[in-house]
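Inside the fold
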Amino acid sequence: MQLTDALLVAGGAFLAGGMNAMAGGGTFFSFPAMLMAGVPPVAANASNTVALWPASLSSAWAYRREAMRHGRWAALLAVVSVIGGLLGGLLLLAISNETFMRLIPWLLLVATTLFAFSAQIGRLIRWIKAHMKIAPADQPGSAGGALFQLAVAIYGGFFGAGMGILTLAALSIQGFEDIQEINALKNLTSAMNYTVAAATFIIAGAISWPHTLVALVTAAIGGYVGAAFARKLPAIWLKRLVIAVGASLTVIYFIKTA
């Protein structure tokens with residue numbers, strides 16, 4: 001790996017770690033950096049998943065007590081996330097680089113839209129909960145909710161960007177109201193998803209290890225720095241930056257694959 005490629009990956013992963021700690025949307029920085037460094041699309045996505053995996057574990061561990069307040073439902077969500085992460089990872093490995101390259105702008109468009117309109121999605125969810133009979137938070141869970149989470153987990157194993165927002169939506173619709181418990185279950189499901197997807201990619205030999213190791217280190221540093229600045233910068237500025245980057249990359253990759 002050339003020095004310029006290493007710097008690209010390091011910079012993208014550093015920004016990804018920092019943005020995930022502050023506002024989310026880190027994949028918009030780390031995944032394109034892998035592509036620009038010359039990593040094939042499927043390997044770039046797989047390597048990005050492995051690079052960001054440790055952060056998902058630490059987040060889940062930090063929220064373990066809140067997640068376990070709903071022991072059986074949390075366990076069911078974890079199992080569903082493992083199954084979905086495996087299916088999504090296998091789906092990624094089954095397609096060609098050319099096919100995935102054509103999908104990239106659409107995936108970026110979906111993720112950017114979810115991130116940009118997360119507040120509106122939240123209002124829509126509250127409207128749905130107000131006009132439909134939703135299971136109360138002390139009795140969460142339904143077949144529909146499990147299937148929704150399975151679909152989210154498959155998407156997460158396949159690409160990942162925007163998975164957190166989809167998970168939050170699924171949990172809110174299920175009737176959860178405590179933001180700490182919602183974040184805890186979101187972190188748990190994300191960690192399980194990342195773990196099984198990362199293991200699938202590693203076993204399949206789909207990882208570019210030089211790029212992944214660089215990203216692992218700099219993403220961790222970026223996460224630490226991002227956490228330190230998280231309380232000092234207005235979140236809206238950070239969100240607008242992620243949206244601008246996501247929208248720009250979406251247009252660029254639509255042009256590149258046209």
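One structure accompanies this document, and this report is about it. Just so it is clear, the model here is predicted, and its values are computed rather than measured.

Side note on the overall build of the chain
Across its full length, the chain holds twelve helices and zero strands. Taken over 258 residues, the chain has a buried fraction of 48%. Here the analysis covers contacts within the chain between residues at least 6 apart in sequence; of these, 83% occur between residues at least 24 apart.

Overview of the side chain of Asn193
Note that Asn193 resides in helix H10 (residues 179-203). Under the relative-accessibility criterion, Asn193 is labelled buried at 2%. In contact with Asn193, other than residues within four places in its own chain, are Ser81, Gly84, Gly85, Ala153, Gly156, Gly157 and Met163.

Focus on the environment of Ser208
Within the element layout of this structure, Ser208 appears in the loop between H10 and helix H11 (209-229). Exposure remark for Ser208: the relative accessible area of 17% places this residue in the buried category. Through-space distance from the C-alpha of Ser208 to that of Pro40 is 9.2 Å; in sequence the pair is 168 residues apart. Beyond its immediate stretch of four places on either side in the chain, Ser208 contacts Val39 and Ser47. At a separation of 2.5 Å, a polar atom in the side chain of Ser208 contacts the side chain of His211.

What to know about the packing of aromatic side chains
Under the defined criterion, the tally for this structure stands at five aromatic pairs. An angle of 75° between the planes, with centres 6.3 Å apart, marks the rings of Phe31 and Phe100 as edge-to-face. In this pair, Phe31 sits in helix H2 (residues 27-36) while Phe100 sits in helix H6 (residues 97-116), placing the two residues 69 residues apart along the sequence. With a centroid separation of 4.9 Å and 85° between ring planes, the pair formed by Trp106 and Phe254 is classed as edge-to-face. On the criterion of sequence distance, the pair formed by Trp106 in helix H6 and Phe254 in helix H12 (residues 235-256) is long-range, its members being 148 residues apart. Overall, Phe254 belongs to the partly exposed group, its relative accessible area being 28%. When the ring centre of Trp61 is taken as reference, the NZ or CZ atom of Arg64 above it lies at 4.0 Å.

Points about helix H5 (residues 71-94)
Between its terminal C-alpha atoms H5 stretches 34 Å, which fits the 34 Å expected from 24 residues at 1.5 Å a residue. Residues Trp73, Ala74, Leu77, Ala78, Val80, Ser81, Gly84, Gly85, Gly88, Gly89 and Leu92 constitute the buried set of H5.

A word on H6
Compared with an ideal rise of 1.5 Å per residue, which puts 20 residues at 28 Å, H6 spans 28 Å between its outermost C-alpha atoms and is within 8% of the ideal. At Leu103, H6 shows its maximal bend, which comes to roughly 35°, and the proline Pro105 appears one to four places after that position. All of the buried residues along H6 are Phe100, Met101, Ile104, Pro105, Leu107, Leu108, Ala111, Thr112, Leu114 and Phe115.

Considering the environment of Phe158
By the element assignment, Phe158 lies in helix H8 (residues 143-158). Note on Phe158: relative accessible area 10%, which makes it buried. Separated by 65 residues in the primary sequence, Phe158 and Leu93 place their C-alpha atoms 8.8 Å from one another.

Some details on the packing of H2 against H6
Following both chains from N to C, one finds H2 and H6 inclined at 165°, their axes separated by 12 Å at the closest point. The angle between H2 and H6 falls in the class roughly antiparallel. For H2 against H6, the interelement crossing comes out left-handed. Contact residues: H2 offers Phe28, Phe31 and Leu35, while H6 offers Phe100, Ile104, Leu108, Ala111 and Thr112.

Looking at the nonpolar core
Formed by 46 residues in total, the largest nonpolar core has its most connected members in Phe31, Phe100, Ile104, Leu108, Phe158, Phe159 and Tyr253. Counting residues per element, this core draws most heavily on H6, which supplies eight residues. Apart from the residues lying within four places of it in its own chain, the contact partners of Phe158 are Asn45, Gly88, Gly89, Leu91, Leu92, Ile95, Phe100, Leu103 and Leu107. Ala74, Leu77, Val80 and Ile182 belong to the second-largest nonpolar core, a separate cluster that totals eleven residues.

Rules used throughout
- Residues numbered from 1 in each chain as written.
- Predicted model: local features only at pLDDT ≥ 70, side-chain atom pairs only at ≥ 80, totals over all residues.
- Heavy atoms only, no water.
- Helix = DSSP H or I, 4+ residues; strand = E, 2+ residues; numbered from the N terminus.
- Buried < 20%, exposed > 50% of the residue type's maximum accessible area, 1.4 Å probe, protein only.
- Contact = heavy atoms within 4.5 Å.
- Polar contact = N/O pair within 3.5 Å; in protein donor to acceptor, adjacent residues only side chain to side chain.
- Phe/Tyr/Trp six-rings, centres within 6.5 Å; stacked < 30°, edge-to-face > 60°.
- Lys NZ or Arg CZ within 6 Å of the ring centre and 35° of its normal.
- Expected span 1.5 Å × (residues − 1).
- Bend = angle between axes of the 7 residues up to and from the residue.
- Axes fitted to C-alpha atoms, helices over the stretch in contact; angles between N-to-C directions.
- Parallel < 35°, antiparallel > 145°, perpendicular 65-115°, else oblique.
- Left-handed = near helix turned anticlockwise from the far one by under 90°.
- Core = buried A, V, L, I, M, F, W, Y, C linked by side-chain atoms within 4.5 Å.

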